[in-house]
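Descriptive structure summary
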Amino acid sequence: MRLRHTDIVIRLMWALLIVAGITALVTANVSLFFVSVATLALTSVPYLFQSWAGVRFPAGFVVAVVFFIVATVFLGEAGDFYERFWWWDVMLHGGSAVGFGMMGVILALLLAGSDRIAPTPSLVAFFAFSFAVAVGALWEIFEFAMDQIFGMNMQKSGLMDTMGDLIVDVIGGAVGALAGFGYLKGRQSGVLSGAIADFITQNRHLFGRRDK
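For the structure given in this document, a descriptive report is provided here. The residue count restarts for each chain, going from 1 along the sequence in the order it is written. Where local features are concerned, this predicted model is filtered to residues with pLDDT of at least 70; where side-chain atom pairs are given and counted, the filter is 80 or more; whole-chain, interface and lining totals use all residues. Note that the side-chain values use all heavy atoms of the structure and ignore hydrogens as well as water.

Where helices are involved, their axes are fitted lines through C-alpha atoms of the stretch in contact, as for all axes, and angles between N-to-C directions lie from 0 to 180°. The helix count covers DSSP runs of H or I at least four residues long, the strand count covers runs of E at least two residues long, and both are numbered beginning at the N terminus. With their axes 8 Å apart at the nearest point, helix H1 (residues 5-26) and helix H2 (residues 30-42) run at an angle of 155° to one another. With respect to H2, the axis of H1 lies roughly antiparallel. Remark: the crossing between H1 and H2 carries left-handed chirality. Contacts between H1 and H2 involve Trp14, Leu17, Ile18, Ala20, Gly21, Ala24 and Leu25 from the former and Leu32, Phe33, Ser36, Thr39 and Leu40 from the latter. Of the residues assigned to the contact of H1 with H2, the class counts are nine nonpolar, three polar and no charged. When an angle is under 35 degrees it counts as roughly parallel; over 145 it counts as roughly antiparallel; between 65 and 115 it counts as roughly perpendicular; any other value is oblique. Note on convention: the crossing is left-handed when the near helix lies turned anticlockwise from the far helix by less than a right angle, right-handed when the turn is clockwise. Contacts are assigned to residue pairs that have any heavy atoms within 4.5 Å of one another. When residues are grouped by polarity, Ala, Val, Leu, Ile, Met, Phe, Trp, Tyr, Cys and Pro land in nonpolar, Asp, Glu, Lys and Arg in charged, and all others, Gly among them, in polar.

As structure tokens, this is what we get:
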């Protein structure tokens, strides 16, 4: 069976983690071994969740999630990319905010399928934007708590880091929300709007009356 490009990308990331884990084991680098194994385990979560919840994710979404986990846990921490590249944290915050904005669109449409809200494009976009920003704010509270309770340095430069992350979260959340707005307006030519459309097409059974 011929592999899709998305499958190849995921397998390459898995190969990177396996090689790193073996190298760490040979060199007795316990921390790198733990990070490699933990990251490899986390990348299996999308597949396990699909099997458990009966939800199908578009291939591009799975690649994005796996890459985000590898970029955050493995490259960010083990590879020290947060210190090497000033834009690494900004890229990950922005990308995750876009993703959470799109997730907000999906959640709003799921509620609409249950007849709980009217799925107007503006209302769905507002809900999605609010959801993404709320998740970003909760993450900043988590970072603050870790720094205060366990003496970690997740906030780096403190207020500037927190505000910078929140600003990026707002921008990313707006992009994800606008993708949902475009989808509901019938404009599915964009990558993000198309991803939302693919998810809904592959999971029509979840959306009640809207997609029957």
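So that's the structure; there's more coming.
Quick look at the packing of aromatic side chains now. Pairing of aromatic side chains here covers Phe, Tyr and the six-membered ring of Trp, requires ring centres within 6.5 Å, and sorts the geometry by plane angle: under 30 degrees stacked, over 60 edge-to-face, intermediate tilted. Under the criterion given, the structure shown has 13 aromatic pairs. Between the aromatic rings of Phe81 and Trp88, the centroid separation amounts to 4.8 Å while the plane-to-plane angle is 75°, which identifies the pairing as edge-to-face. Buried, partly exposed and exposed residues are distinguished by accessible area as a fraction of the type maximum, computed with a 1.4 Å probe on protein chains only: under 20%, between the cut-offs, and over 50%, respectively. Residue classification places Phe81 among the buried residues on the basis of a relative accessible area of 18%. Among the residues examined, Trp88 registers a relative accessible area of 6% and is labelled buried.

This part is about the side chain of Thr39. Within the secondary structure layout, Thr39 lies in helix H2. When residues no more than four places from it in sequence are discounted, the contact partners of Thr39 are Leu17, Ile69, Val70, Val73 and Phe74.

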